[in-house]
Amino acid sequence: MLAANVPRPGAALRKAREKLALSMEDVAHELRLSVSQIKALEADNYTDLPGMTYVRGYLRSYARLVKIDEDLVLPPFQPDPVSSPARTIAQPIRRQAKSGDRWVRMISYSVVVVLVALVVLWWQTQVGLDFNDGLFTQKSGDDAGQDPSPGGAPRVETVVTSSFKQAAGEASGPAPDIVPRSEPEASEGHVDSSANQQATSAKIKSPLRVDTDQAQPATAMIVLTFKDASWAEIRDATNKRLLHQSLNPGRVVSVEGVPPFRVFLGNASAVSLEYNGKPFDLTPYQTGLYARFVLKGHEQAQ
Amino acid sequence: MLKRVLGIFSNDLAIDLGTANTLIYVRDKGIILNEPSVVAIRHAYGGGMNNKTVLAVGQEAKRMLGRTPGNIQAIRPMKDGVIADFTITEVMLKYFIRKVQENRFLRPSPRIIICVPCGSTQVERRAIRESASGAGAREVYLIEEPMAVAIGANLPVADPTGSMVLDIGGGTTEVGILSLGGMVYSATLRVAGDTFDEAIINYVRRQHGMLIGEATAERVKKAIASAWSKSDIREIEIKGRGIAEGMSRAITLSSHEIYEAISDPLDSIVQAIKQALEQTPPELSADIGDKGMVVAGGGALMRDMDRRLTEDTGLPVVIADDPLTCVARGCGKALEEMDTLGDVFAHDA
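This is a predicted model, so every value here is computed, not measured.

*Asks:* Hey, could you run me through the overall build of chain A in this one?
*Replies:* Broken down by element type, chain A carries nine helices and ten strands. Per-residue burial for chain A yields a buried fraction of 38% across its 302 residues.

Spelled out as structure tokens, the structure:
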């Protein structure tokens, strides 16, 4: 229906038609419409006409035929795509969710984001841990992944291996007084120790002295002090890797095991070695940067 | 509720990728782009064919048509309603899509509805689909032009009543008869606005011995062309290059001459309509005879087009409101009411 404020065009059209001395039949013939449709147009009765699109077209053609301005008979056109009769279509098929649907996409994206966040979180918690064959099992809590400051107290790390435990268990038969001292250390091997070097060396000297007092020492101890970053690898008599790691400056590492040891140091000039509490000169073994040598059980403690 | 929330983020587009003009309808905003489908390409000196840069797209590029130096080429990538130059079409679409979504921070990835001529082949449809995908569309829907026209003109496409539409575009003329949301008959005729321009160029060359360009021919057509022999006579003065003397000169063309020039393409359009009516089932034919035919597209703006068609076909002829944007509005409405409108989209075989 036309808006109420628009002048009804029927009367104007009829007047213009009569002025041109045209009959309804003439107009109907010219526009190929039926006389009843022309009557309906002149009476402004659009209920029997097919729809506003057609009515507007008929009025426009009629106005042009009787030579009056089409704007006078037509309300201004306002494109209004949202209100359409096409909304009433029968639509029996329910829409299925497809992978392309927006909400399906958004949910999958959010799942992926959550998964990625979880993986990053897990990785961050794992970064501080060391995985060197399970040999290095102790580390002070505040040492995680950080270099100690050069002026800071050097830390001593004690490595106790299962081979040592076995060796100690077998060899300590004749010297039962060692077992109670070394066993607690073995059991505490996985606990962080922040003791300073002096304290630890004092602590480990007593069994060593016992060892040297004994005819054949079952185990020996190597203490490595790193002035600069270096690679270190130490294997004991059973070819078990006691140490296999790159170490940062300032670190002090002590290793216990059954001699002879095969030692390899990547940056030998930056490492000082104590064997059974005594300093050991590395210079004869240095070839270029690295040093490779064998420490036998009862010798070389210079 | 969920839909409404998601609707805030939606940037769906309906595109009338026409031979002459490209119109883009943005959901909830209406038609916000209407530019000629023309791209100007600059070839770098000595760079061969691969060294091309896009100089201008749309209105600006159209002004360059026929006025370019050697290293610049103004191209109309669409021909006869389908893609003639795949790469350039993609560039043009990308440009237009970016233009209508320039405020977006993220790279737009809209759902796109594009209308295709109903007579286009599967290869041509795939080309249009892939062009739109290449331009960043997330999903591409194709809709046949007569359906878009009918929806755009608010015809009762879903009702069990016949509706007939005629869309005289730039490259193709489409005739369609629709009922119950589907096409009963459709035909594409590669005779449309461009053919009228060519006919005018040929007529002026033949009758006046003068060469004129496409732009001039189009100006003549818009100013004085009439589709009906009994229309009032109008005149226009144009300038071009004389064939014999090679000098610029002016002539005056009358609308009667232009009618004569374009009568062949007009006749073939009338023939296409008659052919459609012959193929129509009688019930639908009665509906159409009662209500008439809706005409849209740039051709509908030609003076007395409705009178000519009424006289030749015996049908009441209704010119759609705002015929140039009718297809884009129809595409837009199909986009807005994708869920309720039913399966009005064209499908690949």
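*Asks:* Where do I start with the overall build of chain B in this structure?
*Replies:* The helix and strand inventory of chain B stands at twelve helices and 19 strands. Each of the 349 residues in chain B was classed as buried or not, and the buried ones make up 58%. Here the analysis covers contacts within chain B between residues at least 6 apart in sequence; of these, 63% occur between residues at least 24 apart. As presented, chain B carries roughly 14,900 Å² of accessible surface, and 49% of it is formed by carbon and sulfur atoms.

*Asks:* Explain the confidence of the model for chain A here, please?
*Replies:* A low pLDDT means the predicted coordinates there should not be read in detail. Residue and element names in this part refer to chain A. In the predicted model, chain A carries a mean pLDDT of 69, and the fraction of residues at 70 or more is 57%. In this model residues 80-95 is a low-confidence stretch, pLDDT under 50, and it forms 24 contacts with partners more than four residues away in sequence or in other chains. Taken as a whole, residues 130-214 scores under 50 in pLDDT and shows 102 contacts with residues more than four places along the chain or in a different chain.

*Asks:* Help me out: how do you make sense of the nonpolar core in this one?
*Replies:* In terms of nonpolar packing, the biggest core is built from 50 residues, with Ile38(A), Leu41(A), Ile113(B) and Ile143(B) touching the most fellow members. Residue contributions to this core peak at seven residues, all from helix H4 (residues 52-65) of chain A. Apart from residues lying up to four places away in sequence, Leu41(A) is in contact with Gly10(A), Leu33(A), Tyr46(A), Leu49(A), Val55(A), Tyr58(A), Leu59(A) and Tyr62(A). Among the nonpolar cores identified, the runner-up in size contains 45 residues, and Ala272(B), Ala276(B), Leu277(B) and Ile319(B) belong to it.

*Asks:* Would you mind going over the packing of aromatic side chains with me for this structure?
*Replies:* Geometry of an aromatic ring pair is reported as the spacing of the ring centres plus the angle between the planes. Tallying each qualifying case throughout the model produces seven aromatic pairs over all chains. Centre to centre, the rings of Tyr95(B) and Phe96(B) are 5.7 Å apart; their planes meet at 65°, and the pair counts as edge-to-face. An aromatic cluster is present here, built from Phe280(A), Tyr285(A) and Phe293(A) joined pairwise through their rings.

*Asks:* Quick question: what am I supposed to make of helix H10 (residues 305-313) of chain B here?
*Replies:* The periodicity of an α-helix, 3.6 residues per turn, causes residues three or four places apart in sequence to face the same way. The element H10(B) is largely enclosed, with a buried count of seven among its nine residues. Within the span of H10(B), buried status applies to Met305(B), Asp306(B), Arg307(B), Arg308(B), Leu309(B), Thr310(B) and Thr313(B). Considering only its buried residues, H10(B) is in contact with helix H2 (24-31) and H4 of chain A together with strand E11 (163-168), helix H8 (255-279), strand E17 (293-296) and strand E18 (317-319) of chain B. Of the residues trailing H10(B), Gly314(B) is marked for its positive phi of about 75°.

*Asks:* How do you make sense of the packing of helix H1 (residues 9-19) of chain A against H4(A) when you look at a structure like this?
*Replies:* Any two packed helices are characterised by how steeply their axes cross, that is the angle between the axes, and by the distance between the axes. All names here are of chain A. Look at H1 against H4: their axes get within 10 Å of each other, and the N-to-C directions meet at 30°. In terms of orientation, H1 and H4 fall into the roughly parallel class. Crossing handedness for the pair H1 and H4: left-handed. Counting all contacts with H1, which are made through Pro-9, Leu-13 and Arg-17, the residues of H4 involved are Leu-59, Tyr-62 and Ala-63. Classifying every residue of the contact of H1 with H4 gives five nonpolar, no polar and one charged.

*Asks:* Would you mind going over the side chain of Asp12(B) with me for this structure?
*Replies:* Here Asp12(B) shows up in the loop between helix H1 (2-9) and strand E1 (13-17). Asp12(B) gets classed as buried once you look at its relative accessible area, which sits at 0%. A polar contact is formed between the side chain of Asp12(B) and the side chain of Arg111(B), at a distance of 3.0 Å. Not counting residues up to four positions away in its chain, the partners in contact with Asp12(B) are Arg102(A), Tyr25(B), Val26(B), Arg27(B), Pro110(B), Arg111(B), Arg138(B) and Leu335(B).

*Asks:* In this structure, what is going on with the sheet that holds strand E9 (residues 111-116) of chain B? I would like to understand it.
*Replies:* Pairing between the strands of a sheet is mediated by backbone hydrogen bonds and can be parallel or antiparallel. Residue and element names in this part refer to chain B. The strand order E3-E2-E1-E9-E10-E19 describes an open sheet built from six strands, whose pairing is mixed. Looking at the sheet topology across the chains shown, the edges are occupied by strand E3 (30-36) and strand E19 (345-346). Pairing geometry for E1 and E9, over three bridges, is parallel. Bridging from a neighbouring strand, Leu-13 pairs with Ile-112 of E9. Seen against the sheet, helix H4 (residues 122-134) touches E1, E9, strand E10 (139-144) and E19 and runs at an angle of roughly 145° to E10.

*Asks:* Is there a simple way to think about the pairing of strand E4 (residues 39-43) of chain B in this case?
*Replies:* Walk down a regular strand and you will see the side chains alternate between the two sheet faces. Residue and element names in this part refer to chain B. Of all five residues that make up E4, four are buried, and the element is covered over most of its length. Where E4 and strand E6 (residues 72-75) come together, four bridges link them in antiparallel fashion. Bridged to Ile-41 within E6 is Gln-73.

*Asks:* In this structure, what is going on with the environment of Ala237(A)? I would like to understand it.
*Replies:* Residues and elements named next belong to chain A. With respect to the helices, strands and loops of the structure, Ala-237 is situated in the loop between strand E3 (230-235) and strand E4 (241-247). Sequence-wise, Ala-237 and Pro-260 are 23 residues apart; in three dimensions their C-alpha atoms are separated by 5.2 Å. Ignoring anything within four residues of it in the chain, the contact list for Ala-237 reads Val-258, Pro-259 and Pro-260.

*Asks:* Honestly, the sheet that holds E18(B) in this entry has me stumped. Any pointers?
*Replies:* Residue and element names in this part refer to chain B. What the five strands build is an open sheet, ordered E13-E12-E11-E17-E18; its pairing is mixed. On the outer flanks of this sheet lie strand E13 (182-189) and E18, each paired with one strand and no other. Going from strand to strand, the sheet's axes swing by 20° on average, the running direction of each strand aside. Looking at chain direction, strand E12 (residues 173-179) and E13 are connected through seven bridges and run antiparallel.

*Asks:* Looking at this structure, how should I read the pairing of strand E7 (residues 271-275) of chain A?
*Replies:* All names here are of chain A. What you see with E7 is a clean split: Val-271, Leu-273 and Tyr-275 sit on the buried side and Ser-272 and Glu-274 on the side with no burial. Sheet topology note: the strand E2 (residues 220-226)/E7 ladder contains five bridges and is antiparallel. Bridge pairing in E7 places Phe-226 opposite Val-271. Direction of pairing for E7 relative to strand E8 (residues 278-280): antiparallel, over a ladder of three bridges. Paired with Leu-273 across the strands is Phe-280, a residue of E8. If you look at the hairpin formed by E7 and E8, you'll find two residues sitting between the two strands, and Asn-276 has a positive phi there, around 50°.

*Asks:* Whenever I open this one, a nonpolar patch on the surface confuses me. Can you help?
*Replies:* On the surface, a cluster of nonpolar side chains totalling about 670 Å² of accessible area is made up of Trp103(A), Ile107(A), Val111(A), Val114(A), Leu115(A), Leu118(A) and Leu121(A). Mapped onto the elements, Val111(A) comes out in helix H6 (residues 102-126).

*Asks:* When you look at the state of the cysteines in this model, what are you seeing that I'm missing?
*Replies:* Between two cysteines, a covalent bond joining their sulfur atoms is known as a disulfide. Residues and elements named next belong to chain B. Enumeration over the complete set of coordinates arrives at zero disulfides over all chains. Between Cys-326, a cysteine without a disulfide, and Cys-331, which holds the nearest cysteine sulfur, the sulfur-to-sulfur distance is 9.9 Å. On the basis of relative accessibility, which here comes to 0%, the residue Cys-326 falls in the buried class.

*Asks:* In this structure, what is going on with helix H3 (residues 35-42) of chain A? I would like to understand it.
*Replies:* Within H3(A), burial applies to Gln37(A), Ile38(A), Ala40(A), Leu41(A) and Glu42(A). Its buried side turned inward, H3(A) meets H1, H2 and H4 of chain A together with helix H9 (282-291) of chain B. Asp44(A) sits one or two positions beyond H3(A) and adopts a positive phi of about 55°.

*Asks:* Which parts of the structure should I look at to understand the confidence of the model for chain B?
*Replies:* Residues of chain B with pLDDT of at least 70 account for 91%, and the chain-wide mean is 87. Interface confidence for the predicted complex, given as ipTM, is 0.80, next to a pTM of 0.62.

*Asks:* How should I be thinking about unusual backbone geometry in this particular structure?
*Replies:* Note: most peptide bonds trans; most residues except glycine with negative phi. The omega torsion of the bond from Pro259(A) to Pro260(A) falls at 5°, within 30 degrees of zero and hence cis. Considering the arrangement of structural elements, one finds Pro260(A) in the loop between strand E5 (252-257) and strand E6 (261-265). The phi torsion at Asp304(B) lies on the positive side, around 60°, for a residue other than glycine. You can call Asp304(B) buried: its relative accessible area is 14%.

Basis of the calculations
Residues numbered from 1 in each chain as written. Chains lettered and ligands numbered in written order. Predicted model: local features only at pLDDT ≥ 70, side-chain atom pairs only at ≥ 80, totals over all residues. Heavy atoms only, no water. Helix = DSSP H or I, 4+ residues; strand = E, 2+ residues; numbered from the N terminus. Buried < 20%, exposed > 50% of the residue type's maximum accessible area, 1.4 Å probe, protein only. Contact = heavy atoms within 4.5 Å. Areas by Shrake-Rupley, 256 points an atom, 1.4 Å probe, with all protein chains shown as cover. pLDDT = per-residue confidence, 0-100. Core = buried A, V, L, I, M, F, W, Y, C linked by side-chain atoms within 4.5 Å. Phe/Tyr/Trp six-rings, centres within 6.5 Å; stacked < 30°, edge-to-face > 60°. Axes fitted to C-alpha atoms, helices over the stretch in contact; angles between N-to-C directions. Parallel < 35°, antiparallel > 145°, perpendicular 65-115°, else oblique. Left-handed = near helix turned anticlockwise from the far one by under 90°. Nonpolar A, V, L, I, M, F, W, Y, C, P; charged D, E, K, R; others polar. Polar contact = N/O pair within 3.5 Å; in protein donor to acceptor, adjacent residues only side chain to side chain. Pairing = 2+ DSSP bridges. Patch = residues over 30% accessible without salt bridge, like charges linked within 9 Å, V, L, I, M, F, W, Y side chains within 5 Å. Salt bridge = Lys/Arg side-chain N within 4 Å of Asp/Glu carboxyl O. Disulfide = S-S within 2.5 Å.

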